[in-house]
Amino acid sequence: MSNPLLPPTESSAYPSGSRLRDPESRRTKARKILTVLHDAIKGDLRHLRCLDVGCASGLISYHLAEELGQVVGVDPDGAAVALAPQRDNLFLLQADALRLPFLHWLPLSWASWIVRCIGKGQAYDEKPLTCGQLKEVLRGFAIEDYTIAMLRDPDRFFTRNEVPLARLVRHIPVAVWRLLYSLLPNHNWVLRKDKSA
């Protein structure tokens, strides 16, 4: 990805110091996603279409569109979407993504309390599903799970800055991660739809 970094455009929509405003953070997140896709697909990604749910002003979407055939981003914040950079294969829309499944392991009241404590807003306004509920929603897909691989190899998947104590975490045995799996706050899956279905 040789394009220059975009300026932080979400300054009006997101708190000062937010990683959502940091172009390098967004570019790193896009590299993480592209690394997973390259590993899963093992070939050219230009035939793929991507839905980026919660795209904000589209900095990650923009970088994904460098290698993917088409990227559609949705976000409920129309002001952020209006600031989106342009690409021929990038389409960003204001939409209510809360009807799509989001995953978080804390009860809503606890998550809202944490959001207030760290100054990121007044409430955690996602409608989370449990891991089991999300798998049920996605039952028409084969799930290729990269969650544990990303924890165990943070350098390869560009997650070193996202995983607290990454140097220690990478040495936790896979069996322990499997036991703790449902408590993880983030799951990274590649979904494959059976074309014959």
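Right above here is the structure, for reference.
Everything in this summary refers to the structure shown in the same document.

### Regarding the overall build of the chain
In step 1: Scanning the chain for helices and strands turns up eight helices and seven strands.
In step 2: Every one of the 197 residues in the chain was classed for burial, and the buried ones make up 37%.
In step 3: Counting every atom, the chain has about 11800 Å² of accessible surface; 57% of that belongs to carbon and sulfur.

### Side note on helix α1 (residues 23–41)
In step 1: In a regular helix each residue adds 1.5 Å, so 19 residues correspond to 27 Å; α1 covers 26 Å between its end C-alpha atoms and thus fits that length.
In step 2: Count one or two residues on from α1 and you reach Lys42, which has phi positive near 55°.

### Overview of the packing of aromatic side chains
In step 1: The tally for this structure, following the rule as stated, stands at one aromatic pair.
In step 2: Aromatic side chains Tyr146 and Phe157 sit 6.0 Å apart centroid to centroid with 70° between the ring planes, which places their arrangement in the edge-to-face category. Pair noted here: Tyr146 is in the loop between β6 (141–145) and α6 (147–152) and Phe157 is in the loop between α6 and α7 (166–169), with a separation of eleven residues, a long-range link. Comparing Tyr146 with Phe157 shows no difference in burial state: the two are buried.
In step 3: Cation over ring: Lys193 sits above Phe141, and NZ or CZ is 5.1 Å from the ring centre.

### A few points about the pairing of strand β1 (residues 49–53)
In step 1: Residues Cys50 and Asp52 line the buried face of β1, whereas the alternating positions Arg49, Leu51 and Val53 sit on a face that is not buried.
In step 2: Where β1 lies against strand β2 (residues 70–75), five bridges are found, and the strand directions are parallel. Bridging from a neighbouring strand, Leu51 pairs with Val72 of β2.
In step 3: Crossover β1 to β2 through helix α2 (residues 59–64) is right-handed.

What counts as what
- Going along each chain's sequence as written, the residues are numbered from 1 onward.
- Residues qualify for local features only when their pLDDT is at least 70, as the model is predicted, and side-chain atom pairs are given and counted only at 80 or more; totals for whole chains, interfaces and linings, by contrast, use all residues.
- Heavy atoms throughout the structure, all of them, feed into the side-chain values; hydrogens and water do not.
- To qualify as a helix, a DSSP run of H or I must reach at least 4 residues; to qualify as a strand, a run of E must reach at least 2; elements of each kind are numbered from the N terminus.
- Residue exposure (1.4 Å probe, protein chains only): buried if accessible area is under 20% of the type maximum, exposed if over 50%, otherwise partly exposed.
- Exposure was quantified through the Shrake-Rupley algorithm and a 1.4 Å probe, taking into account, for residues, occlusion by the shown protein chains and nothing else.
- In a helix, the anticipated span is given by 1.5 Å times the number of residues less one.
- When two rings of Phe, Tyr or Trp (its six-membered ring) have centres within 6.5 Å they constitute a pair, described as stacked for plane angles under 30 degrees, edge-to-face for angles over 60, and tilted for the intermediate range.
- By definition here, charges over rings are those cases where NZ of Lys or CZ of Arg is within 6 Å of the ring centre and within 35 degrees of the ring normal.
- Here a strand pair is declared whenever DSSP counts at least two bridges between the two strands.
- Orient the strands so they point away from the viewer; a crossover is then right-handed if the path from the first strand over the helix to the second runs clockwise.

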